[in-house]
Amino acid sequence: MNNPMELINKDINYIWHPFTQMKDYETEAPLIIDRGKGLYIWDIEGNKYIDAISSWWVNVLGHSHPRLNDAIKRQLEKIEHVLLAGFSHVPAIELAEKLVQITPKELTKVFYSDNGSTAVEVALKMAYQYCQQSGKTKKEKFVALKNSYHGDTIGAVSVGGVDVYHKIYKPMLFEVFQAESPYCYRCPMGKQKETCDIECLGSVEGIFKKHHGEIAGIIVEPLIQAAGGMIIYPAEYLKRLKKLCEEYGVLLIDDEVAMGFGRTGKMFAFEHAQIAPDLVCLAKGITGGYLPLAVTMATDEIYRAFYDDYEKLKTFFHGHSFTGNPLAASVAVENLKIFEEEKIIESLQPKIEVLSKNLEKFRELNCVGDIRQTGMVAAVEIVKNRQTKEPYKFEERIGHKIYKQALKRGAILRPLGSVIYFMPPYVITEDEIEQLVDIAVDSVKSALCRSS
Ligand SMILES: *Cc1c(COP(=O)(O)O)cnc(C)c1O
């Protein structure tokens, strides 16, 4: 099975890939990866690439980290999996304790599942059932934002707001109130970021004012609407949203699946707004990107609404086979130990600055409409016309052209439409940040020359 051509043929024969138009593989083979170390991954032909997207946003401390590898090996010698209903295990207990310690005091309980979408499903069901069991039985609906992405299961898609991914499923979904997206570059209110007063939050307020009696919760991606195009918005939005939620008795569900564990330069993105959400969804980086594991954290008030005699049927009837898997939990515990011992958050600050300085290189390109960054996430929005902000058409696949150019130059970017972004593992050095941005600038130049 070592002949690359043979492997590619078998791959295409047998695997239906996620988020992939399989017909594309007629002309473009999938990249078959053999190994990884730190910032880099190698394909089966020995080509080396900078993993600029942390293997779908999950990796935080680099690939094949010796301590994380050891943590899994140690746990593997004990037990690989055990159910979490009626049973427990040391890694799950240690991880839950740690998570409660590093989050605001309001968040007291940890509910395990196994991926970001399930963490969201859990949060939605908890919010709903909490209302049902605490005398707020009319509160049955949710608010979500345009351009939001919360996962691919039906509940998560219902609160999604990216038409390309979500529109076709509309008839299958439950109805939500959709508020405007805080998309500063393309402000729905026609304001400028530098002088605005977060007018876009008025859209949420309008919905709350009219419908708060029917609304259980609002779900948001904190600070960055990631899959929607790395849309970065000010922490002040989140701060004021929390106030609105309190005012109108609406639960704030904070989907930290992509931004948790240091991405924004703080351990959790909500820390920028100095707030405590009612429910917090965690996944992706929790295991350092090693294994699927997810957490939904809840406040004591929510937990209490489920706590009663068995026959009252207030139990939270939810749990996946691999909920709180011991291998995943053990690597998550080690991940958090490394964050603490190696002061990972502090170590990010100079890298964030270097990234910011290097991003300036994009300004000279006349196809760059917007440059945005929060912490270790940076994005560049490519436009056809800088003055009018006219976007490239979907069919032009500008992002994909840039992706192919970057691949040739040894970096894996995975643009979202016409938005190129950087979301590298935190082991990236200052020199490597410069190298990565240079590759991206060159790639944009050559991709756009060809297409025009
Ligand atoms: C990726 C993502 C999810 C879904 O996580 P999966 O593990 O892919 O199911 C949910 N919310 C946000 C914000 C995400 O970025």
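For the structure itself, consult the block above.
Conventions adopted
- Residues numbered from 1 in each chain as written.
- Predicted model: local features only at pLDDT ≥ 70, side-chain atom pairs only at ≥ 80, totals over all residues.
- Heavy atoms only, no water.
- Helix = DSSP H or I, 4+ residues; strand = E, 2+ residues; numbered from the N terminus.
- Rg over C-alpha atoms; globule rule 2.2 N^0.38 Å.
- Buried < 20%, exposed > 50% of the residue type's maximum accessible area, 1.4 Å probe, protein only.
- Areas by Shrake-Rupley, 256 points an atom, 1.4 Å probe, with all protein chains shown as cover.
- Phe/Tyr/Trp six-rings, centres within 6.5 Å; stacked < 30°, edge-to-face > 60°.
- Lys NZ or Arg CZ within 6 Å of the ring centre and 35° of its normal.
- Lys, Arg positive; Asp, Glu negative; His and termini not counted.
- Salt bridge = Lys/Arg side-chain N within 4 Å of Asp/Glu carboxyl O.
- Contact = heavy atoms within 4.5 Å.
- Arc of directions from axis to C-beta.

Caption draft 1: Expanded view of the overall build of the protein. Counting secondary structure elements, the protein contains 14 helices and 17 strands. Its C-alpha radius of gyration of 22 Å places the protein within 12% of the 22 Å reference for a compact globule of 452 residues. Counting only C-alpha atoms, the protein reaches 65 × 60 × 45 Å along its principal axes. Here the protein, with 452 residues, has 53% of them falling under the buried criterion. A total accessible area of about 21,300 Å² is found for the protein, and carbon and sulfur atoms account for 53% of it.

Caption draft 2: How the structure looks around the packing of aromatic side chains. One pass over the full model with this rule turns up 14 aromatic pairs. An angle of 70° between the planes, with centres 4.9 Å apart, marks the rings of Tyr-233 and Tyr-237 as edge-to-face. Assessed through its relative accessible area of 3%, Tyr-233 is described here as buried. Here Phe-339 and Tyr-426 contribute two aromatic rings whose centre-to-centre distance is 6.3 Å and whose plane-to-plane angle is 90°, an arrangement assigned as edge-to-face. Linking Phe-339 in helix 11 (residues 326-341) with Tyr-426 in the loop between strand 17 (419-422) and helix 14 (430-451), this pair joins segments that are 87 residues apart in sequence. Assessed through its relative accessible area of 3%, Tyr-426 is described here as buried. Every member of this aromatic cluster is reached through a ring pair, and the members are Phe-19, Trp-56, Tyr-149 and Tyr-165. Here Lys-109 stacks its cationic end above the ring of Tyr-303, 4.5 Å away from the centre of that ring.

Caption draft 3: Seen up close, the side chain of Glu-256. Secondary-structure assignment places Glu-256 in the loop between strand 10 (251-255) and strand 11 (279-282). Although buried, Glu-256 forms no salt bridge, and the nearest oppositely charged side chain, Arg-263, lies 10 Å from it. Here Glu-256 is in contact with Pro-222, Phe-268, Ala-269, Phe-270, Val-280, Cys-281 and Leu-282, once residues within four sequence places are set aside.

Caption draft 4: Structural context of helix 3 (residues 66-76). Turning to helix 3, its buried residues are Leu-68, Ala-71, Ile-72 and Gln-75. All buried residues of helix 3 fall inside an arc of 95° around its axis, so they share one side. Every exposed residue of helix 3 that faces more than 90 degrees away from the buried side is listed here: Lys-73 and Arg-74. Residues of helix 3 that are buried in the fold lie against helix 4 (90-102) and helix 11.

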